Amino acid sequence: MKIFNTLTRRKEEFVPITPGKVGIYVCGPTVYDFIHIGNARPQIVFDTLRRYLEHKGYEVNFVSNFTDVDDKIINRAIKEGVDASEISERFIAECKKDMETLNVRPATVHPQATKEIPDMIELVKILIDKGHAYEKNGTVYFRTRSFKDYGKLSHKNIDDLESGHRAEAHALKVSGEDEKEDPLDFVLWKPKKEGEPFWESPWSEGRPGWHLECSCMSKKYIGGTIDIHAGGEDLIFPHHENEIAQSEAANGTEFAHYWMHNGFLKINGDKMSKSLGNFFTVRDICQQCDPQVFRFFMLSAQYRTPLNFSKELVEDAAKGLERIVNGAEKLTDIIAKENGLPLSDKEKELLDTELPKYVKRFDDAMDDDLNTADAISVIFELIRFSNASTDTESSSAFAKALYDTLFELCDTVLGVHIERKKDDMAADDVAEIEKLIAERTAAKKAKDFATADAIRAKLLDMGIVIEDTREGVKWKKA
Ligand code: AMP
Ligand code: ZN
């Protein structure tokens, strides 16, 4: 598999540190509110990466943190008059619900910053001992210029950064907060302010800086060098650059071999974000549309390209998924017949020579830096092939082989369900619909077309469309 590595700006062949195993760290959300659908993009695409690597036979250790100590969490806690931990625990639980709705599998470990403070303090001590960090009035800063590779991920030149910081440095001097040795230095540990959560440390009662948690938790749960580090492209600088500086300065080894960054989910050309106020929460969207359609929409673009969110594009995704679900349903109908027919010679040949071509092309697309857009096109072709090569004479065994392949690619790897949802209907409603359909079939048989049409219209009023097929009457929600 080839992965575009932000570090080298090239697509590179993926070679794991330990054969057969992959360690992935994905920076997770700051839990101060419901997550928005932009935050869901890294969750969905890197869950798909994990699923695909498992499909290829790797054992994946997937670590994704929750940032549960942060100014935004503290501000909300103050507003509500509750503890910061109440806010973070509430939104961790809500985020997990959203992930489940979107069929994002739980990580192998979901570490939380507040539960790893002693390890973070140890990391800061190491950095001070090695001369990469220093303390001033209870705050510990990373000495950025002491790390010679600073800027290698974001491809920024440290001297350009310096001039960018001049104005800021001036402002700090004026305000009397100019205690850093260099404006480029960043915070590893900061003292508490009145009313803020804090932990004891050798420097002050306070809390860790944001960048520190990922350096610490990735090492603890994966190792000093990890295979793949991922997140949204806004994290490249400064967050990931600072993680590299901290980890490589402390450990003396390369931090991550491959850096993957997803492009933005946009709305009217702007990045969707809380601060711009142009966002929808996952919770809202999943009440307006099927979460599976939303996941399918998210995968309709390769993860590095920007993706515009619009009602029309989600409707297109709904139509596309409907084609897949219809194709799968045709197969399950043949399977349900359990006709016991042996595979015909033609069917055998199709399974041996044609079907593997679709699987190979799907894998080729995914091997090309997780190109889910092309992989989905292959699934559409597989559906066309399946529809064209099955009919009432097909053996159930043949239909099952096609279904299993479709299930593996679409349901298992892309995480998009291929079975039609009839779930949220009460059993009584389903029984009523099926009773009306039986009455209509009887009316048609008796050539009472007026009654048959009236029943069809009644079903439509109930939000149910029916379709007469060779395999019998099918129904679905309008
Ligand atoms: P945050 O809680 O802001 O740290 O964001 C959590 C994750 O969501 C990070 O990986 C961000 O890069 C990512 N993210 C935030 N907004 C967007 C967006 N509009 N499109 C894609 N990813 C985003
Ligand atoms: Zn991080």
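Given the structure is predicted, the values throughout are model-derived calculations rather than measurements. (Residues numbered from 1 in each chain as written. Chains lettered and ligands numbered in written order. Predicted model: local features only at pLDDT ≥ 70, side-chain atom pairs only at ≥ 80, totals over all residues. Heavy atoms only, no water.)

## Points about the sheet that holds strand 5 (residues 133-136)
Okay, step 1: Across the sheet, four strands lie side by side as 5-6-7-8; this open sheet has antiparallel pairing. A strand with exactly one partner marks an edge of an open sheet, and here the two such strands are strand 5 and strand 8 (206-208). With direction set aside, neighbouring strand axes in the sheet form an average angle of 20 degrees.
Okay, step 2: Two elements, strand 6 (residues 139-142) and strand 7 (residues 186-191), share three bridges in a ladder whose sense is antiparallel. By the bridge assignment for strand 7, Val-140 is matched with Trp-189. (Pairing = 2+ DSSP bridges. Helix = DSSP H or I, 4+ residues; strand = E, 2+ residues; numbered from the N terminus. Axes fitted to C-alpha atoms, helices over the stretch in contact; angles between N-to-C directions.)

## Section: the packing of helix 1 (residues 37-55) against helix 10 (residues 291-298)
Okay, step 1: Running from amino to carboxyl end, helix 1 crosses helix 10 at an angle of 80 degrees, the nearest separation of the two axes being 10 Å. As summarised for this structure, helix 1 and helix 10 are arranged roughly perpendicular, according to the angle between their axes. On helix 10, the residues that touch Ile-37, Ala-40, Arg-41, Ile-44, Asp-47, Thr-48 and Arg-51 of helix 1 are Phe-294, Arg-295 and Met-298.
Okay, step 2: Looking at the contact of helix 1 with helix 10, its residues break down into five nonpolar, one polar and four charged. (Parallel < 35°, antiparallel > 145°, perpendicular 65-115°, else oblique. Contact = heavy atoms within 4.5 Å. Nonpolar A, V, L, I, M, F, W, Y, C, P; charged D, E, K, R; others polar.)

## As for the site of ligand 1
Okay, step 1: The immediate surroundings of ligand 1 are formed by 16 residues, with Gly-38, Gly-232, Asp-234, Leu-265 and Met-272 found nearest.
Okay, step 2: At 3.3 Å, a side-chain N or O of Asn-39 approaches an oxygen atom of ligand 1.
Okay, step 3: Take Asn-262: an N or O atom from its side chain is 3.3 Å from a nitrogen atom of ligand 1.
Okay, step 4: Across the complex, the protein chains shield 88% of the 490 Å² of accessible surface that ligand 1 would expose by itself.
Okay, step 5: Taken together, the elements giving at least two residues each to the shell around ligand 1 come down to helix 1 and strand 9 (226-232).
Okay, step 6: Taken together, the residues that form the shell around ligand 1 break down as six nonpolar, eight polar and two charged. (Near = heavy atom within 4 Å. Polar contact = N/O pair within 3.5 Å; in protein donor to acceptor, adjacent residues only side chain to side chain. Areas by Shrake-Rupley, 256 points an atom, 1.4 Å probe, with all protein chains shown as cover.)

## Looking at helix 13 (residues 372-389)
Okay, step 1: The end-to-end C-alpha separation of helix 13 is 25 Å, in line with the 26 Å expected for 18 residues at 1.5 Å each.
Okay, step 2: For helix 13, the full list of buried residues reads Thr-372, Ala-375, Ile-376, Val-378, Ile-379, Phe-380, Leu-382, Ile-383, Phe-385, Ser-386 and Ser-389.
Okay, step 3: Buried residues along helix 13 sit in contact with helix 1, helix 10, helix 11 (311-336), helix 12 (345-367) and helix 14 (396-413).
Okay, step 4: Backbone nitrogen of Ala-373 and a side-chain oxygen of the N-cap are separated by 3.2 Å at the start of helix 13; the cap is Asn-371. (Expected span 1.5 Å × (residues − 1). Buried < 20%, exposed > 50% of the residue type's maximum accessible area, 1.4 Å probe, protein only.)

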